[in-house]
Amino acid sequence: MNKAVSEAAIAPAEALPLSESEKNAIIGGVLLSMLLAALDQTIVAPALPTIARSLGHAEYLPWIVTGYLLTATAMAPLYGKISDVYGRRPTVYAAVLIFLAGSLVSALAPNMLVLVAGRAIQGAGGGGLFALTQTVIGDLVPPRERARYAAWISGTWAVASIAGPLLGGTFAEHLHWSLIFWINIPLGLLAMAIINMPLKKLPITAKHHRIDGLGALLLIVATSLLLLALNWGGSAYPWMSREILGLLACSAVFWGGFALRLMRAAEPLVSLEVLGNPIVLAGTLSMFLLQAASVGLSVYLPVYLQSIVGLSVSQSGTALLGLMLGTVAGATFSGRTIPRFFHYKRIAMVGTAFAILCLGVLSLVAGHASLLLVEVLTTCVGLGTGTTFPVATVSVQNAVDRAHLGVATGVLTFLRSLGAALGVAMLGAVALGYGLPLAGEGTPDAGQITSTAPFVMIFLATGAMLLLSLVMLGLMPEKPLRGHPETAAPVLAE
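Since we're looking at a predicted model, the values are computed, not measured.

Undergrad: Is there a simple way to explain the packing of aromatic side chains in this structure?
TA: Overall, the coordinates contain three aromatic pairs when judged by the stated rule. Judged by centre distance (5.4 Å) and plane angle (65°), the ring pair of Y304 and F455 falls under edge-to-face. Pair noted here: Y304 is in helix α13 (residues 278-309) and F455 is in helix α20 (residues 453-475), with a separation of 151 residues, a long-range link. Looking at F455, the relative accessible area reads 1%, which means it is buried. Ring centres 5.3 Å apart and planes at 80° place the aromatic pair Y304 and F459 in the edge-to-face group. Remark: F459 occurs in helix α20 and Y304 occurs in helix α13; sequence separation between them is 155 residues.

Structure (structure tokens):
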């Protein structure tokens, strides 16, 4: 009897029917929210010198970026669990409001300390927006149709990558740097107004569950310590210094505590069923490695274009369009093609292999390649890597039932963000070994670099990360895509 009552208590609520216009309104609203969070990862960098002149304490400038990254990455999986328990609408609203509160604190900041605190608050909301956007789309459309929306998400990231630096530089140079944060307020309120009514019709899939607060705390501390080590290693401190080794050791201790908590908690933050699912495990690791390669390449490609090809700073930024637009085109192609293939995983495998081949060619011609050839090759790299984003996302979401959708998507988002930080750190170690500047330290004069060896190694290291991503894709089992969102999908434990 008690078991029956318990099962009835956690049964998902029936979803009210949504019209196509309501679905489009929800998707548009959550994508707008995600755009705000993505913009705030790119819009600040051009304004940093202006902010330093205005607030002083330039030595703390890196924390404006790092503070956002730390909280955004660490909070992503927590939002997934909360949304599974309390529903998407209140969780989305909470994430937007936290993000807007951080924007307000940042815009009104009288000194650098308050600005860093505001950015950390922003990240605490922004991390939720990254995970919840994909989760809400997963609620609205069946896996067979869901892949095409992954291209919209990739397009949102591309817009943020291009528009962020342009807006940040324009606001700081011609208006005021605080507009970088003020602009979030009306856009965030607009997103909330758009999704308010339609989101009420989404069901709450797991009522009367508890949030594992201790597990969440262990995860946040472990992630924060790891990201601090990755950000400071090789720049603020040598990689083998006591500070970096101490951070890594402390992070390992908290990761161990988190693992023990997952095994012993009555209701862990991340279900062991989800983590033990071979599709979720291989898909998230593949995305982790792919994002490490993609973001790392986008950071150091401008250094190559300025130092070897001879472009100016602004020209190298424009030249990144090939890589960005190629990624969007690859994701769009993959998203539209997935429903037509029974073995849809092969789309990503062929695309990733193609990207590895193009990086190999780029490493061979790095010393004498023309700008046109570099653009063609990097665009092809983007096309190849872009195919994996829809495949990995849809595979992971298709492998779990609706009650675990938020958790699985949160884990995917978390590892994707962590991969970005790790990719920059790994390629930064390669760069440092050859005397190149680390990310954010500027670019040396073209005459200072006479050898292309560092860039050859960077391209080869990027290719190696993609090769490992390809291996994970190969190990990921395939499961037929469900055609209707209400169809149950058991969590696999093969």
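Undergrad: Looking at this model, I keep getting lost on helix α6 (residues 112-140). Mind explaining?
TA: Between its first and last C-alpha atoms α6 spans 42 Å; for 29 residues at 1.5 Å apiece the expected length is 42 Å, and the two agree. The axis of α6 is deflected most strongly, by about 25°, at L132. Burial analysis of α6 places 24 of its 29 residues in the buried class, the great majority of the element. Capping the start of α6, N111 holds a side-chain oxygen 3.2 Å from the backbone nitrogen of L113, two or three residues further along.

Undergrad: Any chance you could explain the environment of F414 here in plain terms?
TA: Along the polypeptide, F414 turns up in helix α19 (residues 405-433). Residue class for F414 comes out buried when judged on its relative accessible area of 7%. The spacing of F414 and T223 is 191 residues in sequence and 9.7 Å in space, taken between C-alpha atoms. Not counting chain neighbours up to four residues away, the residues in contact with F414 comprise T73, A76, P77, L219, T223 and W255.

Undergrad: Can you help me understand the packing of helix α17 (residues 371-386) against helix α18 (residues 388-398) in this one?
TA: Each packed pair of helices is defined by two parameters, the angle between the axes and the distance between the axes. Contact pair α17 / α18: the axes reach a minimum separation of 5 Å and the direction vectors enclose 15°. For the element pair α17 / α18, the angle class is roughly parallel. Only T388, F389 and P390 of α18 make contact with α17, whose side of the interface consists of G384, T385 and G386. When grouped by side-chain class, the residues that make up the contact of α17 with α18 number two nonpolar, four polar and no charged.

Here is what the cut-offs are and how they apply
- Residues numbered from 1 in each chain as written.
- Predicted model: local features only at pLDDT ≥ 70, side-chain atom pairs only at ≥ 80, totals over all residues.
- Heavy atoms only, no water.
- Phe/Tyr/Trp six-rings, centres within 6.5 Å; stacked < 30°, edge-to-face > 60°.
- Helix = DSSP H or I, 4+ residues; strand = E, 2+ residues; numbered from the N terminus.
- Buried < 20%, exposed > 50% of the residue type's maximum accessible area, 1.4 Å probe, protein only.
- Expected span 1.5 Å × (residues − 1).
- Bend = angle between axes of the 7 residues up to and from the residue.
- Polar contact = N/O pair within 3.5 Å; in protein donor to acceptor, adjacent residues only side chain to side chain.
- Contact = heavy atoms within 4.5 Å.
- Axes fitted to C-alpha atoms, helices over the stretch in contact; angles between N-to-C directions.
- Parallel < 35°, antiparallel > 145°, perpendicular 65-115°, else oblique.
- Nonpolar A, V, L, I, M, F, W, Y, C, P; charged D, E, K, R; others polar.

In short, the description is geometric, and any link to function would need to be established separately.
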